[in-house]
Protein chains: 2
Amino acid sequence: MEKTVKIGLLGCGTVGGGVIIVLNENKEEIAKKAGCNIEIKTVLVRDKTKLKPEITKYNIGCTDNLDDILNDPEIDIVVELIGRVHPAKEYIEAAINHGKSVVTANKDVLADYGKSLFNLAAEKKVDFQFEGAVGGGIPIIRPLRACLAANKISSIMGIINGTTNYMLTKMSEEGLSYAQALAEAQAKGYAESDPTADVEGIDAARKIAVLASLAFNTALTLKDVHVEGIDNIEACDIEYARDLGYVVKLLGIAKNDPENGITANVYPVMLPKSHPLASVNDVYNAIYVNGDAVGDAMFLGRGAGRLPTASAVCGDIIDTVRNLNNHACGRISGNLFEKKKMCPPEKEMAPCYFRLLVTDRPGVLAAIASTFAAQQMSIASVIQKNVMENGMAELVIITNKVSKLSIDLSLRTLQVLPVVKDVCSVLRVEDPNLP
Amino acid sequence: MEKTVKIGLLGCGTVGGGVIIVLNENKEEIAKKAGCNIEIKTVLVRDKTKLKPEITKYNIGCTDNLDDILNDPEIDIVVELIGRVHPAKEYIEAAINHGKSVVTANKDVLADYGKSLFNLAAEKKVDFQFEGAVGGGIPIIRPLRACLAANKISSIMGIINGTTNYMLTKMSEEGLSYAQALAEAQAKGYAESDPTADVEGIDAARKIAVLASLAFNTALTLKDVHVEGIDNIEACDIEYARDLGYVVKLLGIAKNDPENGITANVYPVMLPKSHPLASVNDVYNAIYVNGDAVGDAMFLGRGAGRLPTASAVCGDIIDTVRNLNNHACGRISGNLFEKKKMCPPEKEMAPCYFRLLVTDRPGVLAAIASTFAAQQMSIASVIQKNVMENGMAELVIITNKVSKLSIDLSLRTLQVLPVVKDVCSVLRVEDPNLP
């Protein structure tokens, strides 16, 4: 093939290196599918001397000056893989302003600036693609924007953080404590030395903001997502879950109720064992979508890692090349039509699990039950276990669907109730069988 | 929006009616996403008087003459949903020859004539899309052709027939016999009165031919697929599977071994319970793909039915409209580059399960084991159970990986061995732990 589309790559870390490897190792097949050759012409790096031999062997040009890429008329596509918000966002804007199509896997930029970048790309008639930003190698962005485009999506929920799913799997299957599971994830390289963004749910929150924006055609950002992490989950919560027929998963969950509005949450959830997401273990991710025509659909795969994410980025590159060759860049618009209303806390309903440390004496359950009754919270089941030597007992309560506001208000009362020593855990339950 | 793209719909049965409903009920959102209005102008039906009120209420034009659609310059897209090979294939060709883009959900036509239709569409520079042909509403065709395009796909396997998956689920979970499960599937409308194409695996074989063609970029047709159905599965096979840690699923499996060639099969398989496909039950379908970059990925959803299939067809319509609006029809080519070699039976390896009815006397196992040894088939495990009053016993043998040729040759010997009364079942085992 004679024609070649040339790429400028920003960043050559884990994923950037993976993109170089995939595009070179599968060069011939990719050229046939894309309709022309694809070549990485220039890589932007801070320090050229740090490039590894596995990369330098491909003889790619190197620069530490972004302008060398922006001002190169041979480069049609800029692939941004430096991560974090700044200066990645400014680099993406600069590339689009120079008339170049952009492929990125940067969820942070998308969660904060998605809409403005979509608008800029539309204005400049270039492609702006980001399949790798959510779910690593899992095809989910393009399916949402194309395959499922005829649907009204009512909910999208997923296991979209591999680190926490690995930890919860270890806690469930091997009985590890939170601290042990974290240490093992760090030892395996699945968790960073500062695991805050993963275990506190921020990483998942950015991803569910991106997914919900595309699913509901509105612009949600990180601050629209209510976030709770897994750092309060104890081994006994996972045991109680098992006794009750559930598993504990950290889910990003966004729902669009035409009447009450949009909800977007990241929190640990008790999920029935029979749910397809319940058996997604280790570092696997999966996204579960409900649409009015398709019904339920799920997408599963490796949510992170060098080659899986490179698979998604290279798929976007091939798609962009097809658009370039057909003079059709920008053929799929951002589709974030208007700001839709968010659901108020008194309308946001879900069943809820409470684990309380209480004084083991008559009348305790009555006091707690009347606290719940005062908030119109109906109780589905109660388990009392583990009476301790100090006269305390553990009380587990699962409610029927209750509002987020009721949960908050009941917690305020519970926390000052004399018989309640501690509110140890509060988890949502995603169980359609609870009324 | 002022601009409108108009559609000619061939056939107004279950799926055709669903397409009309989805395009009309979600009209406004679809117009925003597609960038213009989409309208079904004319429906081709054999008998206009048979259209139901749920369809006629949308005031769509009706004809029994294909030329009314082909010769209508206002119609840019023809949606073929009449099913079966003829005259659907001729209608699709006629539409393409008239310069119209085509959307179809017709696996029969694709499995037999995919390559020639891809070539014709490329020549005429129109779109030819078929997301609904495999897996109903599940996004799998576009993910294969775009999201995963940078991968060398090594295997694609799936539960791609809802009828048989429903039956096997009932047999597994409720202990129904094959006949009972079939009767229940027919009562629920999941199986046709003549269930041959489903239970004998022909429907799944057409679908795996389409999937394998796209995954491996070659043209496979129905006759390239080795097909076995579920009509010989007995309740006891499912029980033995459970005892051994497996479930029985009817899978379409295609693999591409660069050295030995391509294999394409549909047969009932024993699958480890921990495999993601093992928990896909009832009428759900799922497709499991392995690529060199993405690793393992799975796509799950409703594999048939009015609205799920309409979801896929309407997604294709929206995508085609985007291409029309950007003058970019034909932007993704068929990609069936060349005929690749098929794997010969002596190189096609899989572990295998045999259930034999044998005489219960000393030396039987020795005779059978030496038959296997003569074919270089190594035995992984043996179970002897159910000694019957008539002096017969059931013998279950699982082998390590053995060639298809060895299986065939050993069967010839087993069938004439005096101690073997009957070879009741032969099933492949898809277990990476067996050497």
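Rules behind the numbers
- Residues numbered from 1 in each chain as written.
- Chains lettered and ligands numbered in written order.
- Predicted model: local features only at pLDDT ≥ 70, side-chain atom pairs only at ≥ 80, totals over all residues.
- Heavy atoms only, no water.
- Buried < 20%, exposed > 50% of the residue type's maximum accessible area, 1.4 Å probe, protein only.
- Helix = DSSP H or I, 4+ residues; strand = E, 2+ residues; numbered from the N terminus.
- Contact = heavy atoms within 4.5 Å.
- Buried area = accessible area lost by both parts, 1.4 Å probe.
- Salt bridge = Lys/Arg side-chain N within 4 Å of Asp/Glu carboxyl O.
- Polar contact = N/O pair within 3.5 Å; in protein donor to acceptor, adjacent residues only side chain to side chain.
- Nonpolar A, V, L, I, M, F, W, Y, C, P; charged D, E, K, R; others polar.
- Pairing = 2+ DSSP bridges.
- Disulfide = S-S within 2.5 Å.
- Phe/Tyr/Trp six-rings, centres within 6.5 Å; stacked < 30°, edge-to-face > 60°.
- Lys NZ or Arg CZ within 6 Å of the ring centre and 35° of its normal.
- Right-handed = clockwise from strand over helix to strand, strands pointing away.
- pLDDT = per-residue confidence, 0-100.
- Arc of directions from axis to C-beta.
- Least-squares fit on C-alpha atoms with pLDDT ≥ 70 in both.
- Lys, Arg positive; Asp, Glu negative; His and termini not counted.
- Patch = residues over 30% accessible without salt bridge, like charges linked within 9 Å, V, L, I, M, F, W, Y side chains within 5 Å.
- Areas by Shrake-Rupley, 256 points an atom, 1.4 Å probe, with all protein chains shown as cover.
- Axes fitted to C-alpha atoms, helices over the stretch in contact; angles between N-to-C directions.
- Parallel < 35°, antiparallel > 145°, perpendicular 65-115°, else oblique.
- Left-handed = near helix turned anticlockwise from the far one by under 90°.
- Charge placed at Lys NZ, Arg CZ, Asp CG, Glu CD.

Regarding helix H12 (residues 235-243) of chain B, the residues found buried are Cys 236, Asp 237, Ile 238, Tyr 240 and Ala 241 of chain B. Immediately beyond the C-terminal end of H12 of chain B, within one or two residues, lies Gly 245 of chain B, with a positive phi of roughly 90°.

With 50 residues of chain A at the interface, the matching set in chain B holds 50 residues. When chain A packs against chain B, close to 4400 Å² is buried across both sides, 52% of that on carbon and sulfur atoms. The interface formed by chain A and chain B contains two salt bridges. Ionic pairing is found between Arg 331 of chain A and Asp 319 of chain B, a salt bridge with its closest N-O pair at 2.8 Å. Applying the counting criterion to the chain A and chain B interface returns 19 residue pairs in polar contact (both at pLDDT 80 or more). For the side of chain A that touches chain B, the elements supplying multiple residues, two or more each, are helix H1 (14-25), helix H2 (27-34), helix H7 (141-147), strand S12 (295-302) and helix H13 (306-325) of chain A. Considering every element that reaches the side of chain A that touches chain B, the biggest residue donor is H13 of chain A, with nine residues. Residue composition of the side of chain A that touches chain B, by class: 23 nonpolar, twelve polar and 15 charged. As judged from the five bridges shared by S12 of chain A and strand S12 (residues 295-302) of chain B, these two strands associate in the antiparallel manner.

A few words now on the state of the cysteines. Counting across every chain of the model gives zero disulfides over all chains. With no disulfide of its own, Cys 329 of chain A lies 12 Å from the sulfur of Cys 36 of chain A, the closest cysteine sulfur. Judged by its relative accessible area of 16%, Cys 329 of chain A is buried. Here Cys 147 of chain B is not cross-linked by a disulfide; its sulfur's nearest cysteine counterpart is in Cys 147 of chain A, at 7.1 Å. Assessed through its relative accessible area of 2%, Cys 147 of chain B is described here as buried.

Our focus in this paragraph is the packing of aromatic side chains. Applying the stated rule across the entire model yields eleven aromatic pairs over all chains. Counting every residue linked through ring pairs, the aromatic cluster contains Phe 118, Phe 128 and Phe 130 of chain A. Above the plane of the ring of Tyr 113 of chain B lies Lys 89 of chain B, whose end atom (NZ or CZ) is 4.5 Å from the centre. Of note, Arg 145 of chain B hangs over the ring of Phe 118 of chain B, and the distance from its end group to the ring centre comes to 5.7 Å.

Our focus in this paragraph is the pairing of strand S4 (residues 75-80) of chain A. Every other side chain in a regular strand lies on the same face of the sheet, so the side chains alternate between the two faces. Residue and element names in this part refer to chain A. Buried residues dominate S4, accounting for five of its six residues. In this sheet, S4 lies alongside strand S1 (residues 4-10) in parallel orientation, the contact comprising five bridges. Pairing of Leu 9 across the sheet is with Val 79, part of S4. Relative to strand S5 (residues 101-104), S4 runs parallel, the two being bridged by four bridges. Within S5, the residue paired with Val 78 across the bridge is Val 102. Taken together, S4, helix H5 (residues 88-97) and S5 constitute a β-α-β crossover, and its handedness is right-handed.

A few words now on the confidence of the model for chain A. Low-confidence regions, as indicated by low pLDDT, have predicted coordinates that should not be scrutinised in detail. On average, residues of chain A score 95 in pLDDT, and 100% of them reach the 70 mark or higher. We note a pTM of 0.96 for the whole complex and an ipTM of 0.96 for its interfaces.

Our focus in this paragraph is helix H9 (residues 178-187) of chain A. Residue pairs three or four apart in sequence face the same way in an α-helix, which turns once every 3.6 residues. Residues and elements named next belong to chain A. Listing the buried residues of H9 in full gives Tyr 178, Ala 181, Leu 182 and Ala 185. Viewed along the axis of H9, the buried residues span an arc of 100°, placing them on a single side of the element. Facing away from the buried side of H9, by more than 90 degrees, are the exposed residues Ala 179 and Ala 187. Next to the buried residues of H9 lie helix H8 (162-174) and helix H10 (196-199).

What follows covers the sheet that holds strand S3 (residues 61-63) of chain A. All names here are of chain A. Pairing is parallel across the open sheet formed by six strands, whose spatial order is S3-S2-S1-S4-S5-S6. Looking at strand neighbours, the two that pair on one side only are S3 and strand S6 (128-129), the edges of this open sheet. When S5 meets S6, the two strands line up parallel, connected through two bridges. Within S6, the residue paired with Val 102 across the bridge is Phe 128.

One copy of the chain maps onto the second through a rotation around an axis plus a translation along that axis. Between chain A and chain B, the superposition needs a rotation of 180° and an axial shift of 0.0 Å, giving an RMSD of 0.0 Å. The transformation relating the two chain copies, once decomposed into turn and shift, fits a two-fold axis. Among all C-alpha atoms of chain A, that of Phe 299 of chain A lies closest to the rotation axis, at 2.4 Å. Comparing interface residues between copies, 100% of those in chain A also sit at the interface in chain B, which points to an isologous, same-surface contact.

As for its position among the elements, Arg 322 of chain B is in helix H13 (residues 306-325). Buried Arg 322 of chain B, no salt bridge; nearest opposite-charge side chain is Asp 319 of chain B, N-O distance 4.4 Å. Apart from the residues lying within four places of it in its own chain, the contact partners of Arg 322 of chain B are Arg 145, Ala 146, Arg 331, Ile 332 and Asn 335 of chain A together with Lys 33 and Ala 34 of chain B.

Time to look at a nonpolar patch on the surface. Residue and element names in this part refer to chain A. Nonpolar side chains collect at one region of the surface, where Leu 365, Ile 379 and Val 382 lie side by side and expose about 210 Å² of accessible area between them. As for its placement among the helices and strands, Ile 379 is situated in strand S15 (residues 379-385). A relative accessible area of 30% places Ile 379 in the partly exposed class.

All names here are of chain A. Under the definition given, this model contains 44 salt bridges over all chains. The salt bridge partner of Glu 54 is Arg 306, with a shortest N-O separation of 3.0 Å. Of this pair, Glu 54 sits in helix H3 (residues 53-56) while Arg 306 sits in helix H13, and the two are 252 residues apart along the sequence. What emerges from the salt-bridge pattern is a single network uniting Lys 107, Asp 108, Asp 203, Arg 206 and Lys 207.

Before going further, it helps to examine the packing of helix H8 (residues 162-174) of chain B against helix H9 (residues 178-187) of chain B. Residue and element names in this part refer to chain B. At a closest axis distance of 9 Å, the pairing of H8 and H9 adopts a crossing angle of 130°. Considering the angle they form, H8 stands oblique to H9. Crossing hand, H8 versus H9: right-handed. Touching Tyr 166, Met 167, Lys 170 and Met 171 of H8 are Tyr 178, Ala 181, Leu 182, Glu 184 and Ala 185, all from H9. Counted by class, the contact of H8 with H9 contains seven nonpolar, no polar and two charged residues.

Attention now goes to the sheet that holds strand S1 (residues 4-10) of chain B. All names here are of chain B. The six strands are arranged S3-S2-S1-S4-S5-S6 in an open sheet whose pairing can be described as parallel. Taken across any chain shown, the strands that pair with only one partner, and hence form the sheet edges, are strand S3 (61-63) and strand S6 (128-129). Lying over the sheet, H13 contacts S1, strand S2 (37-44), strand S4 (75-80), strand S5 (101-104) and S6, oriented at roughly 155° with respect to S4.

Let us now look at a negative patch on the surface. All names here are of chain A. Negative charge collects at one region of the surface, where Asp 47, Asp 64, Asp 67 and Asp 68 lie side by side. Among the structural elements, Asp 68 can be located in helix H4 (residues 67-70). The exposure class assigned to Asp 68 is partly exposed, which follows from its relative accessible area of 41%.

With an omega of 5°, the peptide bond running from His 86 of chain A to Pro 87 of chain A counts as cis. Tracing the chain through its elements places Pro 87 of chain A in the loop between S4 and H5. The backbone phi angle of His 327 of chain A is positive, close to 50°, even though this residue is not glycine. Note on His 327 of chain A: relative accessible area 72%, which makes it exposed. In this structure, Asn 59 of chain B takes a positive phi of about 55° despite not being glycine. Here Asn 59 of chain B shows up in the loop between helix H3 (53-56) and S3.

We now examine the packing of helix H14 (residues 364-374) of chain B against helix H15 (residues 404-416) of chain B. Residue and element names in this part refer to chain B. Closest axis-to-axis distance for the H14/H15 pair is 9 Å, and the angle between their directions is 155°. It follows that H14 is roughly antiparallel to H15 by the angle criterion. Crossing of H14 over H15 shows right-handed handedness. Where H14 approaches H15, its residues Ile 368, Thr 371 and Phe 372 are matched on the opposing element by Ser 410, Thr 413 and Leu 414. Here the contact of H14 with H15 is built from residues that sort into three nonpolar, three polar and no charged.

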